[in-house]
Amino acid sequence: QSVLTQPPSVSAAPGQKVTISCSGSSSNIGRTYVSWYQQLPGTAPKVLIYDNYKRPSEISDRFSGSKSGTSATLGITGLQTGDEADYFCGTWDSSLSAWVFGGGTKVTVL
Amino acid sequence: QVQLEQSGAEVREPGSSVKVSCKASGGTFSSDRIHWVRQAPGQGLEWMGRITPILGVPNYAQNFQGRVTITADRSTSTAYMDVSSLRSEDTAIYYCTREGEWQEFNNWGQGTLVTVSS
């Protein structure tokens, strides 16, 4: 059971938009920065979003992040087959004094 | 650009221990915060602990307290993660990752597969 809650899977047709939610609490998401990671099959995770909504320069603007209260959301627009991957949210939990991840969401392009 | 190079795959018997290394290049290793994260087959990411080499004091996830030791050698810019009393459930890919300014994990090693089997 992960401290952060994500839906196990989301899917949409090419070109469509998907959103992935990440629900936490006042000791983690409600308190500090959230980051999002993409993990393509057989590879190490890669940061997509940091500081809740910022993108590294090499990340497409099709990816966006937001945070409200104790929840965060990752959005992917213009869905492509190359976006099929697992996506994880993560942040520091001040009560646990530990980094926590969501359980991961598998994105499928129909 | 910081790069993290991890040691190769390992096979261990239950009850034994394993030490995985993570060599950093292109950054300021001593002041960086290096974390270890593992991923069991078909599962999500699990945080194990972290260390800031210049401080030398590690922090561990509660699940790994007493069984995991994280160290760092500033002279070789290498971090290490030692897991003892291995059991089959420790079979996983172990990643080292570097923490950025906004607490994000912005550099990752390629991962080290540790297989625990008799």
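Criteria and cut-off values
Residues numbered from 1 in each chain as written. Chains lettered and ligands numbered in written order. Predicted model: local features only at pLDDT ≥ 70, side-chain atom pairs only at ≥ 80, totals over all residues. Heavy atoms only, no water. Helix = DSSP H or I, 4+ residues; strand = E, 2+ residues; numbered from the N terminus. Rg over C-alpha atoms; globule rule 2.2 N^0.38 Å. Buried < 20%, exposed > 50% of the residue type's maximum accessible area, 1.4 Å probe, protein only. Contact = heavy atoms within 4.5 Å. Areas by Shrake-Rupley, 256 points an atom, 1.4 Å probe, with all protein chains shown as cover. Lys, Arg positive; Asp, Glu negative; His and termini not counted. Charge placed at Lys NZ, Arg CZ, Asp CG, Glu CD. Buried area = accessible area lost by both parts, 1.4 Å probe. Polar contact = N/O pair within 3.5 Å; in protein donor to acceptor, adjacent residues only side chain to side chain. Nonpolar A, V, L, I, M, F, W, Y, C, P; charged D, E, K, R; others polar. Pairing = 2+ DSSP bridges. Core = buried A, V, L, I, M, F, W, Y, C linked by side-chain atoms within 4.5 Å. 1 Å grid on protein atoms, 1.4 Å probe; cavity = no way out; pocket = protein on both sides within 12 Å on 5 of 7 lines; lining within 4 Å. Points joined across faces, edges and corners; volume = space filled by probe spheres on them. Phe/Tyr/Trp six-rings, centres within 6.5 Å; stacked < 30°, edge-to-face > 60°.

S.K.: Please clarify how the overall build of chain B should be interpreted in this entry.
M.R.: Counting secondary structure elements, chain B contains 0 helices and 11 strands. Ordering the α and β elements of chain B from the N terminus gives β-β-β-β-β-β-β-β-β-β-β. Here chain B has a C-alpha radius of gyration of 13 Å; the compact-globule value for 118 residues is 13 Å, and the two agree. Dimensions of chain B, computed from the C-alpha atoms along their principal axes, are close to 40 × 25 × 25 Å.

S.K.: It is not clear to me how the overall build of chain A should be interpreted in this structure. Could you clarify?
M.R.: Along the backbone of chain A there are 0 helices and 9 strands. Projected onto the principal axes, the alpha-carbon positions of chain A cover approximately 40 × 30 × 25 Å. Here chain A holds 110 residues, and 47% of them are scored as buried. Within chain A, contacts between residues at least 6 apart in sequence are counted, and of these 58% link residues at least 24 apart. Entry remark: accessible area of chain A is about 4900 Å², with carbon and sulfur atoms responsible for 46%. Once the 8 positive and 7 negative side-chain charges of chain A are each reduced to a mean point, those two points are 5 Å apart.

S.K.: Explain the interface of chain B and chain A here, please?
M.R.: One widely used convention gives an interface's size as the accessible area the parts lose upon coming together. Contact with chain B, which involves 16 residues of that partner, is made by 19 residues of chain A. Here chain B and chain A share an interface that buries about 1600 Å² over both sides, 68% of which is from carbon and sulfur atoms. Linking chain B with chain A are 4 residue pairs in polar contact (both at pLDDT 80 or more). At the level of elements, strand E4 (33-39), strand E5 (46-51) and strand E10 (105-108) of chain B are the ones that each hand at least two residues to the side of chain B that touches chain A. Of the residues in the side of chain B that touches chain A, the class split is 7 nonpolar, 6 polar and 3 charged.

S.K.: Could you clarify how one ought to interpret the pairing of strand E8 (residues 98-101) of chain A in this entry?
M.R.: Looking along a regular strand, one sees side chains alternate from face to face of the sheet. Residues and elements named next belong to chain A. Both faces of E8 are covered, namely the face carrying Ala98 and Val100 and the face carrying Trp99 and Phe101. Relative to E8, strand E7 (residues 85-93) is paired through 4 bridges, and the arrangement is antiparallel. Its bridge partner lying in E8, Gly90 is registered against Phe101.

S.K.: Just checking my understanding: could you explain the environment of Ser35 of chain A for this structure?
M.R.: One can find Ser35 of chain A in strand E3 (residues 35-39). Along the backbone, Ser35 of chain A and Gly90 of chain A are 55 residues apart, and their C-alpha atoms lie at a distance of 5.4 Å. Sequence-distant contacts of Ser35 of chain A, defined by excluding residues within four places in its chain, comprise Ile49, Tyr50, Phe88, Cys89, Gly90 and Trp99 of chain A together with Glu104 of chain B.

S.K.: Looking at this structure, I do not really get the nonpolar core. What am I missing?
M.R.: Across soluble globular proteins, nonpolar side chains show a tendency to be buried alongside one another. Grouped together as the largest cluster of nonpolar side chains are 39 residues, with contacts concentrated most on Trp36, Trp47 and Met81 of chain B. Residues Trp36, Cys89, Val100 and Val109 of chain A belong to the second largest nonpolar core, which totals 23 residues.

S.K.: How do you make sense of empty space enclosed by the protein when you look at a structure like this?
M.R.: To find leftover empty space, a probe the size of one water molecule is rolled over the atoms. Across all of its chains, the model carries 1 cavity of 30 Å³ or more by this definition. The calculated volume of the largest cavity comes to roughly 30 Å³. Lining the largest cavity we find Tyr33, Val34, Ser35, Gly90, Thr91, Trp92 and Trp99 of chain A together with Trp102, Gln103 and Glu104 of chain B. No other element matches E7 of chain A, which puts 3 residues into the lining of the largest cavity.

S.K.: How should the packing of aromatic side chains be read in this particular structure?
M.R.: Note on aromatic pairs: each is described by the distance of the centres and the angle between the planes. Counted according to the given criterion, the structure contains 10 aromatic pairs over all chains. Considering the side-chain rings of Tyr33 of chain A and Trp102 of chain B, the 5.3 Å spacing of their centres and the 85° angle between planes classify their relative orientation as edge-to-face. Of this pair, Tyr33 of chain A sits in the loop between strand E2 (18-23) and E3 while Trp102 of chain B sits in the loop between strand E9 (92-99) and E10, placing the two residues on different chains. Given the relative accessible area of 25%, Trp102 of chain B is considered partly exposed. Ring centres 5.9 Å apart and planes at 85° place the aromatic pair Phe105 of chain B and Trp108 of chain B in the edge-to-face group. Neither Phe105 of chain B nor Trp108 of chain B differs from the other in exposure class; each is buried. Put simply, the rings of Tyr37, Trp99 and Phe101 of chain A together with Tyr95, Phe105 and Trp108 of chain B touch in pairs and so form one group of aromatic residues.

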